[in-house]
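Fold and contact review
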Amino acid sequence: MKKLITICLVAVVVLVGIVLTSTASATLGTVNLINHNNNFSSGAYLYGGGVSTSCFTGIYSWTNTQASGTTGLGALVPNWGFCIELPQRPYNGWQDVINLNEAPLPALYGTPMGTTKADYIRELWGRHFDPNWITGANKPTAEAFSVAVWEIVYEDLPLIGPTGWDVTTDGAPSDVQRGFYCTGADTTTDNNWLHGLTGNTAYFAQGLVATSSSGSHAGQDFLVQVPVPEPATIALLGLGALSLIRRKK
């Protein structure tokens, strides 16, 4: 019996891990986000993804309506996050919750973000994210964090990696449309953070996903963190699975 319980718990833990880190394309939930605002952010000038524009950086906020129709991880999406794309405006309405690996890059890339970039964002978050930012505290550092995310998203990994990233210059001179750099942010902090990324899984933040709108309602994709079940919750899920096994017997 103990062996069976252990197997059930392991299965649940593995399932949670697959949901939050798998590269498989799947919708993890739906959520209705409205009342977007940038109260906790300010502007910088950004170059990348085929655009050069003044853009708000830092924490972006909204309201998760918890409306009827919210499904899956949509119920766990907080009321704030970070922008993933440069040129897109937010969309007020229904969005999918998707794995961060599957967050779509701008059209000029033609592919999802992929595991490598998503993992660097997980490490960046795990090493440097400060939950006090969501209250408006230390806003310049939160703004630097969003710029670091864009550097990871927009620079070409086959050409350069963390040691070569620099948010003050375009790191992909052979294709400037795919590079990224900015002015008006704390670029020293950005570069220090980026150069310190090593791919160490011990620092990977858990529960990072993306919200995404598409089709006729295409809009900004957001980087958010949802709660990962605590051990006690996982244990209950495992016991629930065990009860189902008993019933089948």
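Since the structure is predicted, the reported quantities are computational estimates derived from the model, not experimental observations.

About the cut-offs
- Residues numbered from 1 in each chain as written.
- Predicted model: local features only at pLDDT ≥ 70, side-chain atom pairs only at ≥ 80, totals over all residues.
- Heavy atoms only, no water.
- Helix = DSSP H or I, 4+ residues; strand = E, 2+ residues; numbered from the N terminus.
- Buried < 20%, exposed > 50% of the residue type's maximum accessible area, 1.4 Å probe, protein only.
- Polar contact = N/O pair within 3.5 Å; in protein donor to acceptor, adjacent residues only side chain to side chain.
- Pairing = 2+ DSSP bridges.
- Axes fitted to C-alpha atoms, helices over the stretch in contact; angles between N-to-C directions.
- Contact = heavy atoms within 4.5 Å.
- Disulfide = S-S within 2.5 Å.
- Salt bridge = Lys/Arg side-chain N within 4 Å of Asp/Glu carboxyl O.
- Core = buried A, V, L, I, M, F, W, Y, C linked by side-chain atoms within 4.5 Å.
- Parallel < 35°, antiparallel > 145°, perpendicular 65-115°, else oblique.
- Left-handed = near helix turned anticlockwise from the far one by under 90°.
- Nonpolar A, V, L, I, M, F, W, Y, C, P; charged D, E, K, R; others polar.
- 1 Å grid on protein atoms, 1.4 Å probe; cavity = no way out; pocket = protein on both sides within 12 Å on 5 of 7 lines; lining within 4 Å.
- Points joined across faces, edges and corners; volume = space filled by probe spheres on them.

Points about the environment of Asn138
- Within the secondary structure, Asn138 sits in the loop between helix H2 (115-128) and helix H3 (139-154).
- According to the relative accessible area criterion, Asn138 is partly exposed, its value standing at 45%.
- In this structure the side chain of Asn138 is engaged in a polar contact, spanning 2.8 Å, whose partner is the side chain of Thr141.

Some details on the sheet that holds strand E3 (residues 51-58)
- An order of E3-E2-E8 is seen for the three strands of this open sheet, with the pairing classed as antiparallel. Across the chains shown, the open sheet's two edge strands, defined by having one partner strand only, are E3 and strand E8 (180-183). This sheet shows a mean twist of 35° between the axes of neighbouring strands, independent of strand direction.
- Sheet analysis places strand E2 (residues 41-48) next to E8, joined by four bridges and oriented antiparallel. From the neighbouring strand, Tyr47 faces E8, where its bridge partner is Tyr181.
- Sitting on the sheet, H3 touches E2, E3 and E8, and the angle it makes with E3 is about 135°.

Focus: the state of the cysteines
- Scanning all chains against the criterion turns up zero disulfides.
- Take Cys83: it sits in no disulfide, and the sulfur closest to it among the cysteines is that of Cys55, at 6.2 Å.

Quick look at the pattern of salt bridges
- Tallying each qualifying case throughout the model produces two salt bridges.
- We note a salt bridge from Arg122 to Asp119, for which the minimum N-O separation is 2.6 Å. Linking Arg122 with Asp119, this pair stays in helix H2, spanning three residues, or about one helical turn.
- A residue is classified by how much of its surface remains accessible, and Arg122, at 4% relative accessible area, is buried.
- Look at Asp119 and you get partly exposed, because its relative accessible area is 22%.
- Taking the shortest distance from any N to any O, the salt bridge between Arg127 and Glu123 comes out at 2.8 Å.

Quick notes on the nonpolar core
- Ranked by size, the top nonpolar core spans 54 residues in total, and within it Phe82, Leu100, Ile121, Trp125, Phe145, Trp150 and Leu223 carry the most contacts.
- By residue number, the principal contributor to this core is H3, which donates ten residues.

Some remarks on the packing of H2 against H3
- Across the interface, H2 lies against H3 with an axial gap of 9 Å and an inter-helix angle of 160°. Regarding the angle of H2 to H3, the classification is roughly antiparallel. Both H2 and H3 take part in a crossing whose hand is right-handed. Side by side, H2 and H3 meet where Lys117, Tyr120, Ile121, Leu124, Trp125 and His128 of the first sit next to Phe145, Ala148, Val149, Ile152, Val153 and Tyr154 of the second.
- Residue composition of the contact of H2 with H3, by class: ten nonpolar, one polar and one charged.

Overview of the layout of surface pockets
- Here the largest pocket is characterised by a volume of approximately 270 Å³.
- As for the largest pocket, its lining consists of 14 residues, of which Cys55, Phe56, Gln88, Arg89 and Pro90 are closest to the centre.
- In terms of residue count, the dominant contributor to the lining of the largest pocket is E3 (three residues).
- Classifying every residue of the lining of the largest pocket gives eight nonpolar, four polar and two charged.

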